[in-house]
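Chains, contacts and geometry: an overview
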Amino acid sequence: MSVEEAYTPFSITTQTTTVVKSGAGRIKRVIIPTPGANATVKIYDNTAGSGAAIILDTVTFPAALISDGPVVIELGVAFATGLTVVTAGATMAVDGAYL
């Protein structure tokens, strides 16, 4: 018998700072279904849009998109303080899953 972890999904559809989870956990993946030109995504181990970055660099999509999507970023990274996602530059959906 196999035991699978039950991840909780999240979805962000605006340019905003979103506290996805307060407290410790693990982010499994981030999915951008349709990348937006000039859009950015930054993910923090915090309950604010600053501090310790889970993804060290901001994910930035160029004006001339290389892919229509989806773009999947597999992480499997633990966080201690919280999970905050900052989206800016252009409106696009950012989906993901965390414990």
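Right, let's walk through the structure included here. In this text, all values refer to a predicted model and were calculated from it rather than measured experimentally. (Residues numbered from 1 in each chain as written. Predicted model: local features only at pLDDT ≥ 70, side-chain atom pairs only at ≥ 80, totals over all residues. Heavy atoms only, no water.)

**Description of the pattern of salt bridges**
A pair can form between side chains of opposite charge whenever their charged atoms are brought close. Within the structure shown, the criterion is met by one salt bridge. The partner of Glu74 in a salt bridge is Arg29, and the shortest N-O contact between them spans 2.9 Å. Taken together, the positions of Glu74 in strand 7 (residues 71–79) and Arg29 in strand 3 (residues 25–32) put the pair 45 residues apart, joining distant regions of the chain. Accessibility expressed as a relative area gives 25% for Arg29, which makes it partly exposed. (Salt bridge = Lys/Arg side-chain N within 4 Å of Asp/Glu carboxyl O. Helix = DSSP H or I, 4+ residues; strand = E, 2+ residues; numbered from the N terminus. Buried < 20%, exposed > 50% of the residue type's maximum accessible area, 1.4 Å probe, protein only.)

**Points about the packing of aromatic side chains**
By the definition in use, this model includes one aromatic pair. Seen from their ring centres, Phe10 and Tyr98 are 6.3 Å apart, and the 40° between their planes marks the pair as tilted. Here Tyr98 lies in strand 9 (residues 94–98) and Phe10 lies in strand 1 (residues 8–12), a separation of 88 residues in the sequence. Given a relative accessible area of 9%, Phe10 falls into the buried group. We classify Tyr98 as buried; its relative accessible area is 12%. (Phe/Tyr/Trp six-rings, centres within 6.5 Å; stacked < 30°, edge-to-face > 60°.)

**Considerations on the sheet that holds strand 3**
Strand order in the open sheet formed by four strands is 1-9-3-7, with antiparallel pairing between adjacent strands. The sheet is open, and its two edges are formed by strand 1 and strand 7, each paired on a single side. For this sheet, the mean inter-axis angle between neighbouring strands, taken without regard to orientation, is 20°. Looking at chain direction, strand 3 and strand 9 are connected through four bridges and run antiparallel. Pairing of Val30 across the sheet is with Gly96, part of strand 9. (Pairing = 2+ DSSP bridges. Axes fitted to C-alpha atoms, helices over the stretch in contact; angles between N-to-C directions.)

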